[in-house]
Amino acid sequence: MLDGLPEILVELEQDLLSQKAKVTGRKGLSVESVFRCMLLKQITGVSYDMLAFHSPESNSFRSFARLGRDCQPGKSALSSNIRRISPQTLKTIFERIGLSALKQGFVLWALISYEWIAAL
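Residues numbered from 1 in each chain as written. Predicted model: local features only at pLDDT ≥ 70, side-chain atom pairs only at ≥ 80, totals over all residues. Heavy atoms only, no water.

This part is about unusual backbone geometry. In the Ramachandran plot, arginine 66 falls in the positive-phi region, its phi being about 55° despite a non-glycine side chain. As for its position among the elements, arginine 66 is in the loop between helix H4 (59–65) and helix H5 (75–82). (Helix = DSSP H or I, 4+ residues; strand = E, 2+ residues; numbered from the N terminus.)

This is the structure in structure tokens:
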């Protein structure tokens, strides 16, 4: 489903890509990987420590987060990147994901809260 919404990466780039970034050290996480790691953290309820621990060990985590074999983000890299995503950006993205899920039949109108419908 996320693959069908490439425009959300453009929204995330505005928060994650800094004009002040310098090319030093190893390659950082992609915008998509940061978002997917954030989703994993929220869905599983794990800490940044546990997310960093499971990322290199779990094939399902790595596959979902689109982390290459050589990419092993630590706790500080995960937390500093995920925390750069603004609440407004997340609201916009989740609204797009929700509408897409609704259009594709993944979510039923009966399950959507009144507050969410009123916000549309």
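Let us keep going from here.
On to the packing of aromatic side chains, then. Overall, the coordinates contain 1 aromatic pair when judged by the stated rule. Here phenylalanine 35 and phenylalanine 94 contribute two aromatic rings whose centre-to-centre distance is 6.2 Å and whose plane-to-plane angle is 40°, an arrangement assigned as tilted. Of the two residues, phenylalanine 35 sits in helix H2 (residues 31–44) while phenylalanine 94 sits in helix H6 (residues 87–103), which places them 59 residues apart along the sequence. Take phenylalanine 94: its relative accessible area is 36%, and that puts it in the partly exposed class. Lying across the ring of phenylalanine 64, arginine 36 places its NZ or CZ 4.9 Å from the centre. A cation over a ring is seen here: lysine 41 above tyrosine 48, with NZ or CZ 4.6 Å from the ring centre. (Phe/Tyr/Trp six-rings, centres within 6.5 Å; stacked < 30°, edge-to-face > 60°. Buried < 20%, exposed > 50% of the residue type's maximum accessible area, 1.4 Å probe, protein only. Lys NZ or Arg CZ within 6 Å of the ring centre and 35° of its normal.)

For the rest of this paragraph, the subject is the pattern of salt bridges. Tallied over the full model, the rule gives 4 salt bridges. Salt-bridge contacts for arginine 96 lead to glutamate 11; the nearest nitrogen and oxygen are separated by 3.3 Å. With arginine 96 in helix H6 and glutamate 11 in helix H1 (residues 7–16), this pair connects stretches of sequence that are 85 residues apart. Among the residues examined, arginine 96 registers a relative accessible area of 30% and is labelled partly exposed. For glutamate 95, the salt bridge goes to lysine 91, with nearest N and O atoms at 2.8 Å. A residue pair is termed a helical-turn pair when its members lie 3 or 4 positions apart in one helix, as glutamate 95 and lysine 91 do in helix H6 at 4 residues. Accessibility expressed as a relative area gives 22% for glutamate 95, which makes it partly exposed. Among the residues examined, lysine 91 registers a relative accessible area of 43% and is labelled partly exposed. Look at the salt bridges and you will find they share partners, linking Glu32, Arg36 and Arg66 into a network. (Salt bridge = Lys/Arg side-chain N within 4 Å of Asp/Glu carboxyl O.)

Geometric values such as these leave the question of function open.
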